[in-house]
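# Commentary on secondary and tertiary structure
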Amino acid sequence: MNDEVREPVLEVRDLHTVVRTDGHDLPVVRGVSFDVRAGEAVALVGESGSGKSLTALSVMGLLPDAARVVGGSVRLGGRDLQSLPESERRRTRGAQIAMVYQDPMTSLNPLMRVGSQVVEALDAHGVPRDEARRRAVEALGGAGLPRPERVARRYPHELSGGQRQRVMIAMAIALRPTVLIADEPTTALDVTIQQQVLALVDELRRATGLALIWITHDLGVVARVADRVLVMYAGQVVEAGPTRDLYRAPQHPYTAGLLGSIPPMLGTERPDLLQIGGAPPDLARRPSGCAFHPRCPQRVDRCVEEEPVLKPRGENLAACWVPRDHWVPAERAVS
Amino acid sequence: MTDPTQRLDAAPVAPGGLRDVVRGVWRDRNGRVGLAVTGVLGVVALAAAVGLTPYDPIAQNPADQLVGPSGEHWFGTDQFGRDVASRTFAGIGASLRVAVLAVALAAVIGTVAGVTSGYLGGFWDQVVGRLTDVLFAFPAILLALSIIAALGRGWLNTAIAIAIVYVPIFVRVARGPTLAVRELEYVAACRVVGFSGRRILFRHVLPNVSAPIVVQVALALSWAILTEAGLSFLGLGTQPPESSLGLMVSDARNLVTTAWWTMAAPALAVIIAVIGLNLLGDGLRSALDPKEDRR
């Protein structure tokens, strides 16, 4: 999709994050690496607890108190964010790297007009009030809200979920960041609104050259927005590759399982839904070898003993000992 | 994590300015009475402060000693022939001055301490929490008395004493909802756009925990008036020749059998003020509480 090689806007290298529980450091992100270029959309996919949101928060520098980054680097426009003092890091948030997330119902201050909240975001980054007011209305319009100067005077409770999510997006793009992290921003919305928000973010990305990181567990969404996909499992990237290749020929049984569990469209010829048995591992009792082996239909002895690393497989990178052409047909699940 | 009794997130306080709050209080029957009574007292106090009383409250008039209530002197005169109504109005002014100053001090200090301790947590929260516990450990009146004993008499020291007694209450009232609001997503969203801690705290957290604080202000004012009256009655608060309601009640003790009106007027004023402010507090509570039905 991206024809020429551009400098990545965001480079994440070998990121390790731990959460402190009961006096132990539990690894929740284990050596995640990826690049995002301007105008490119990368999807982080995984089940709950796979570490995708904590990866995003590590990049933002907004981890909860119990969590901390213990290794690796995050470079934004060539600057190592980890080494910045907190006051400077704070200035990058919103201005260079923005985030939109899940619940638009509670993401806005209920006591402030939404326009003022966007103005506030600009003001916090030193934009003069008059200009901030103009740019806020502009951003609300840019987020696809009709008659933005009227919407600006509304309070959050006067807006619908979709409208609020658009306000959040307006707030995120008002400062013209280079990177936008979208953490399941469509999960809480109606399907039709979801489609609109997807289309909006996609359009903004193309129009402004935003580097987009889309975090989701919904592979249907991924197919629509992402150029590349990273599949995460138990804090690690288990497969990465261009969206089309990854969908056509997944190289990791987990990816294959996720794809098999998408309900087929009417009239297509996939008879049964497949499901991945078992549950994601308890991070405190991580399985030996490959973390996915207890649930893997393709498991061989080596998977239990030795941890696979990401290696080129077909068009993708995958962390699996068993090549795709050695796979046995997955068992049919009850649907 | 979050205290279930402090679920402010479910239905946020209706946004709006002072006008909406006043309208909300007016819709509540108790609130309407409270607002009217408090308003009248405020006007009387302000008028007395600029010298607008029927008679001069300190001018003695030996010809008219201990005259009963009449059209000329609404609450009669005292043993020096001073107009009791005028003195009561001046006393309301003096009592309100102490109460307002005390509550303002307590509300500002207590709210800032409570909101910051709830938001920041950690060591600061521990410090504020322990200091609050210490202050709570003393009975209110006893604490006020000992503070005055340390500082000396007078209306300013009385105000400071009352403020110190009330600070821990405001700390608690501010801290609880802060713990709930802190976890809300829009506060996290503020961090995502790169707001500073101070901006988040005072522009986004404080307004969302202000409802119970406002209610507490009305209730604190009523308690402060009562305490000021009590301390002045004991001779520790406002000192003569200045006047206050408690001082007047105290002066009237020996006269009450011969001239009941000298005590009735200031005592009635205290009662009306306390009831009025409590009703106002009720009204504010139902106007600001999202869970209460508005109609």
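As the structure is a prediction and not an experimental result, all values here were calculated from the model.

Reading the values: rules and limits
Residues numbered from 1 in each chain as written. Chains lettered and ligands numbered in written order. Predicted model: local features only at pLDDT ≥ 70, side-chain atom pairs only at ≥ 80, totals over all residues. Domains from an automatic or database assignment. Contact = placed C-beta atoms within 7 Å. Helix = DSSP H or I, 4+ residues; strand = E, 2+ residues; numbered from the N terminus. Nonpolar A, V, L, I, M, F, W, Y, C, P; charged D, E, K, R; others polar. Pairing = 2+ DSSP bridges. Axes fitted to C-alpha atoms, helices over the stretch in contact; angles between N-to-C directions. Parallel < 35°, antiparallel > 145°, perpendicular 65-115°, else oblique. Left-handed = near helix turned anticlockwise from the far one by under 90°.

## Brief notes about the domain arrangement of chain A
When the parts come together, some accessible area is lost, and that loss is often what is quoted as the size of the interface. All names here are of chain A. The domain architecture assigned to chain A consists of domain 1 (1-96 + 179-273) and domain 2 (101-176). The C-alpha centroid of domain 2 is placed 25 Å from the C-alpha centroid of domain 1. Tallying the contact residues gives 16 residues for domain 1 and 16 residues for domain 2. For the side of domain 1 that touches domain 2, the secondary structure elements donating two or more residues are β7 (179-183) and α7 (191-208). The leading source of residues in the side of domain 1 that touches domain 2 is α7, at six residues. The class makeup of the residues in the side of domain 1 that touches domain 2 is 10 nonpolar, three polar and three charged.

## Considerations on the sheet that holds strand β10 (residues 236-242) of chain A
Residue and element names in this part refer to chain A. Strand order in this open sheet of eight strands is β6-β7-β8-β3-β9-β10-β12-β11, and the pairing throughout is mixed. Strands with a single pairing partner mark the edges of an open sheet, and in this sheet they are β6 (97-101) and β11 (311-313). With direction set aside, neighbouring strand axes in the sheet form an average angle of 20°. Lying on the sheet, helix α1 (residues 52-60) is in contact with β3 (41-45), β6, β7, β8 (211-216) and β9 (228-233); it crosses β7 at an angle near 150°.

## As for the packing of helix α6 (residues 155-182) of chain B against helix α9 (residues 210-233) of chain B
Two quantities define a packed helix pair, namely the angle between the helix axes and the distance between the axes. Residues and elements named next belong to chain B. Across the interface, α6 lies against α9 with an axial gap of 10 Å and an inter-helix angle of 160°. It follows that α6 is roughly antiparallel to α9 by the angle criterion. Two packed elements cross with a definite hand, and for α6 against α9 that hand is right-handed. Packed against α6, whose contacting residues are Thr-158, Ile-162, Tyr-166, Ile-169, Phe-170, Val-173, Ala-174 and Pro-177, the element α9 presents Pro-212, Ile-213, Gln-216, Ala-220, Ala-224, Thr-227, Glu-228 and Leu-231 at the interface. Here the contact of α6 with α9 is built from residues that sort into 12 nonpolar, three polar and one charged.

## Some thoughts on the interface of chain B and chain A
Tallying the contact residues gives 19 residues for chain B and 22 residues for chain A. If you list the elements that add at least two residues to the side of chain B that touches chain A, you get α7 (185-192) and α8 (197-205) of chain B. Here the residues of the side of chain B that touches chain A are counted per class, giving 10 nonpolar, four polar and five charged.

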